[in-house]
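One letter stands for each residue in the lines below.
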Amino acid sequence: TVTVGPVAAGPHRFEVKARDLAGNESAAPTARSFSVSPAPTITAVIPVRAATGAAVTIVGERLGPGPLSITFNGVPATVRRISASSLLTSVPPGATTGPLIVVTGRGAAARGFNVEHAQDVALREDAVHRRVRHARCGRWQIQAGRHLG
């Protein structure tokens, strides 16, 4: 029995000769060739935080081609565009802050991602004309068409 440590990416050839308990050895080795492909890597996620439905570009190496999956903290996302160095997706409904994971046939890569949630919108309308007079969304306020900050 032989255990081999980490194997570098690229083509490799494995040869073995059989030896019995008496010390007799086979004349020719048996050989097998194989190739090791490195796992994908994520070098950047643009933007680093976004709300549900927002477009997200994942930049890295060995991201495609081929079948892959993207999840935002375990919630599957749709792949909109794919190349060897970038992926385009969007934050899926139900996603929460946590790891953004890309899985390919060669392995997986992960990066932290913050999901922003839209804040409640409060509207106050003119009771007579049923027009919105004042609106608030998080830290933004608008009154009668003017931005109040």
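Predicted, not measured: the structure shown is a model, and the values here were computed from it.

## Here we look at the overall build of the chain
From N to C terminus, the chain includes zero helices and 15 strands. Of all 149 residues assigned to the chain, the portion counted as buried reaches 21%. Within the chain, contacts between residues separated by at least 24 positions form 41% of all contacts whose residues are at least 6 apart in sequence. Entry remark: accessible area of the chain is about 10,200 Å², with carbon and sulfur atoms responsible for 55%.

## Here's the deal with the nonpolar core
Counting residues in hydrophobic clusters, the biggest one holds 17 residues, and the most contacted among them are I58, F72, L100 and F113. Elements with a contribution of two residues or more to this core: β3 (41-46), β5 (55-61), β6 (68-72), β10 (98-104) and β11 (107-116). Sorting elements by how many residues they give to this core places β11 first, with three residues.

## Describing the sheet that holds β10
One open sheet accounts for five strands, arranged β4-β11-β10-β6-β7; its pairing is mixed. A single partner strand is all that each edge strand has here, and the edge strands are β4 (49-51) and β7 (75-77). Strand-to-strand twist across the sheet, computed as the mean angle between neighbouring axes with direction ignored, equals 40 degrees. Judged from the three bridges that link them, β4 and β11 form a sheet pairing that is parallel. Bridging across to β11, A51 finds its partner in E116.

## Focus: the side chain of T89
Of note, T89 is situated in strand β9 (residues 86-90). A polar contact is formed between the side chain of T89 and the backbone oxygen of T78, at a distance of 2.6 Å. Residues in contact with T89, not counting those within four places in the same chain, are A54, A55, V56, I58, I70, F72, A77, T78, V79 and R80.

## What about the sheet that holds β9?
An order of β3-β5-β9-β8 is seen for the four strands of this open sheet, with the pairing classed as antiparallel. Edge positions in the sheet fall to β3 and β8 (79-82), since each has one partner strand and no second. This sheet shows a mean twist of 20 degrees between the axes of neighbouring strands, independent of strand direction. The sheet contact formed by β3 and β5 spans five bridges and is antiparallel. Note that in β5 the partner of A44 across the bridge is V59.

## Points about the confidence of the model for the chain
Here the chain shows a mean pLDDT of 82. Residues at 70 or above account for 78%. Ranking the elements of the chain by mean pLDDT puts strand β15 (residues 146-147) last with 46 and β7 first with 97.

## So, the environment of S83
Relative to the helices and strands, S83 resides in the loop between β8 and β9. What makes S83 partly exposed here is its relative accessible area of 29%. Once the C-alpha coordinates of S83 and V59 are considered, the two residues, 24 residues apart in sequence, prove to be 9.6 Å apart. Setting aside residues no more than four positions away along its own chain, S83 makes contact with L63 and G64.

Definitions and limits used
Residues numbered from 1 in each chain as written. Predicted model: local features only at pLDDT ≥ 70, side-chain atom pairs only at ≥ 80, totals over all residues. Heavy atoms only, no water. Helix = DSSP H or I, 4+ residues; strand = E, 2+ residues; numbered from the N terminus. Buried < 20%, exposed > 50% of the residue type's maximum accessible area, 1.4 Å probe, protein only. Contact = heavy atoms within 4.5 Å. Areas by Shrake-Rupley, 256 points an atom, 1.4 Å probe, with all protein chains shown as cover. Core = buried A, V, L, I, M, F, W, Y, C linked by side-chain atoms within 4.5 Å. Pairing = 2+ DSSP bridges. Axes fitted to C-alpha atoms, helices over the stretch in contact; angles between N-to-C directions. Polar contact = N/O pair within 3.5 Å; in protein donor to acceptor, adjacent residues only side chain to side chain. pLDDT = per-residue confidence, 0-100.

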